[in-house]
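Summary of structural features
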Amino acid sequence: LSSLSDRGTTIIPTILAGHDAILKSGTGTGKTLAYLLPLLQKARIDPTFRCVVMAPSPELSVQISRVVEAYKSAGVQSVSLVGTGHIERQKDRLKKHPQIMVGTPGRILEFIFARKIKSKDISTMVLDEADHIFSDKNYDDICEICSRPEFQAQLILASATHTSRTEA
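In this text, all values refer to a predicted model and were calculated from it rather than measured experimentally.

Here we look at the overall build of the protein chain
Across its full length, the protein chain carries eight helices and seven strands. Here the C-alpha radius of gyration of the protein chain, 14 Å, is about what a compact globule of 168 residues would show, namely 15 Å. Projected onto the principal axes, the alpha-carbon positions of the protein chain cover approximately 40 × 35 × 30 Å. Residue burial in the protein chain is summarised as follows: out of 168 residues, 46% are buried. The long-range share in the protein chain, meaning contacts at least 24 apart out of those at least 6 apart in sequence, stands at 66%. Element-wise, carbon and sulfur atoms account for 50% of the exposed surface of the protein chain, whose accessible area totals about 8,400 Å². Put simply, the protein chain has 21 plus and 18 minus side-chain charges, and the middle of one group is 7 Å from the middle of the other.

Things to note about the pairing of strand β6 (residues 124-128)
In terms of burial, β6 is a largely internal element, five of the five residues being buried. Where burial is concerned, the two faces of β6 agree: the one with Thr124, Val126 and Asp128 and the one with Met125 and Leu127 are both buried. One ladder, built from four bridges, connects strand β3 (residues 51-54) with β6; its direction is parallel. Counterpart to Cys51 in the pairing with β6 is Thr124. The pairing of β6 with strand β7 (residues 154-159) spans five bridges and is classified as parallel. The residue of β7 that forms the bridge with Met125 is Leu155.

Section: the pattern of salt bridges
For the structure shown, the criterion picks out six salt bridges. Put simply, Asp92 and Lys95 hold a salt bridge, and the shortest N to O gap is 3.7 Å. A salt bridge links Arg107 to Glu110, with the nearest nitrogen and oxygen atoms 3.2 Å apart. Remark: Glu110 and Arg107 occur in helix α5 (residues 105-113); sequence separation between them is three residues, near one turn of the helix. Given the relative accessible area of 36%, Glu110 is considered partly exposed.

Quick word on unusual backbone geometry
Despite not being glycine, His97 shows a phi value in the positive range, around 55°. Tracing the backbone shows His97 in the loop between α4 (87-94) and β5 (100-103). The exposed category is assigned to His97, whose relative accessible area is 53%. At Glu129, a position not held by glycine, the phi torsion is positive, near 50°.

Digging into the packing of α5 against helix α7 (residues 136-146)
Running from N to C, α5 and α7 point in directions that differ by 35°, and their axes come no closer than 9 Å. Read as a crossing pair, α5 and α7 show a hand that is left-handed. For the pair formed by α5 and α7, the contact residues are Pro105, Gly106, Ile108, Leu109, Ile112 and Phe113 on the first element and Asn138, Asp141, Ile142, Glu144 and Ile145 on the second. Of the residues in the contact of α5 with α7, the class split is seven nonpolar, two polar and two charged.

Remarks on the pairing of strand β4 (residues 78-81)
The pairing of β4 with β5 spans four bridges and is classified as parallel. From the neighbouring strand, Val79 faces β5, where its bridge partner is Met101. Handedness of the crossover is the feature at issue here: the chain leaves β4, passes through α4, returns alongside β5, and the resulting connection is right-handed.

Quick notes on the nonpolar core
Counting 24 residues, the largest nonpolar core has Met54, Leu81, Ile117, Met125 and Leu127 as the members making the most contacts within it. Residue contributions to this core peak at four residues, all from α5. When sequence neighbours within four positions are dropped, the list of residues in contact with Leu127 reads Met54, Ile133, Phe134, Ile142, Leu155, Ile156, Leu157 and Ala158. By size, the runner-up hydrophobic cluster in this structure holds 23 residues, among which are Ile11, Ala34, Val53 and Val76.

Rules behind the numbers
- Residues numbered from 1 in each chain as written.
- Predicted model: local features only at pLDDT ≥ 70, side-chain atom pairs only at ≥ 80, totals over all residues.
- Heavy atoms only, no water.
- Helix = DSSP H or I, 4+ residues; strand = E, 2+ residues; numbered from the N terminus.
- Rg over C-alpha atoms; globule rule 2.2 N^0.38 Å.
- Buried < 20%, exposed > 50% of the residue type's maximum accessible area, 1.4 Å probe, protein only.
- Contact = heavy atoms within 4.5 Å.
- Areas by Shrake-Rupley, 256 points an atom, 1.4 Å probe, with all protein chains shown as cover.
- Lys, Arg positive; Asp, Glu negative; His and termini not counted.
- Charge placed at Lys NZ, Arg CZ, Asp CG, Glu CD.
- Pairing = 2+ DSSP bridges.
- Salt bridge = Lys/Arg side-chain N within 4 Å of Asp/Glu carboxyl O.
- Axes fitted to C-alpha atoms, helices over the stretch in contact; angles between N-to-C directions.
- Left-handed = near helix turned anticlockwise from the far one by under 90°.
- Nonpolar A, V, L, I, M, F, W, Y, C, P; charged D, E, K, R; others polar.
- Right-handed = clockwise from strand over helix to strand, strands pointing away.
- Core = buried A, V, L, I, M, F, W, Y, C linked by side-chain atoms within 4.5 Å.

Printed below as a string of structure tokens:
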């Protein structure tokens, strides 16, 4: 990963340039907006841009989705993909080719296996609360997604703290 930052203002150019990044900053400091604003700009400019934001829990995924909805341009499509949501509605929303997909690792992987999301089409992948998302519960799903041969996405890790797994 090419960038480590404790300030969102320095991470935005790195994300816009398409470089991998680690964003480490305390709780409540604006990490979500620090990575979402440049990604929403990319989505507004490029209709082929596809971003997957993964969070360790459905609650955090829904919270991030609400931020996306509040800040996205009118032409940008987004979808929330969580195990607690209605799967058929989520499948229907994926047919509209959303540019920003926010969800939990298990549900994202389920849609990749079902070929509703194509790994090769993902431009950027964000792992929010990376220290928690790399827990034993999610670790295998993350490895499965990122180790696919066609996966070539920009990778952004955002967290208040980092563990040995997030540093690797």
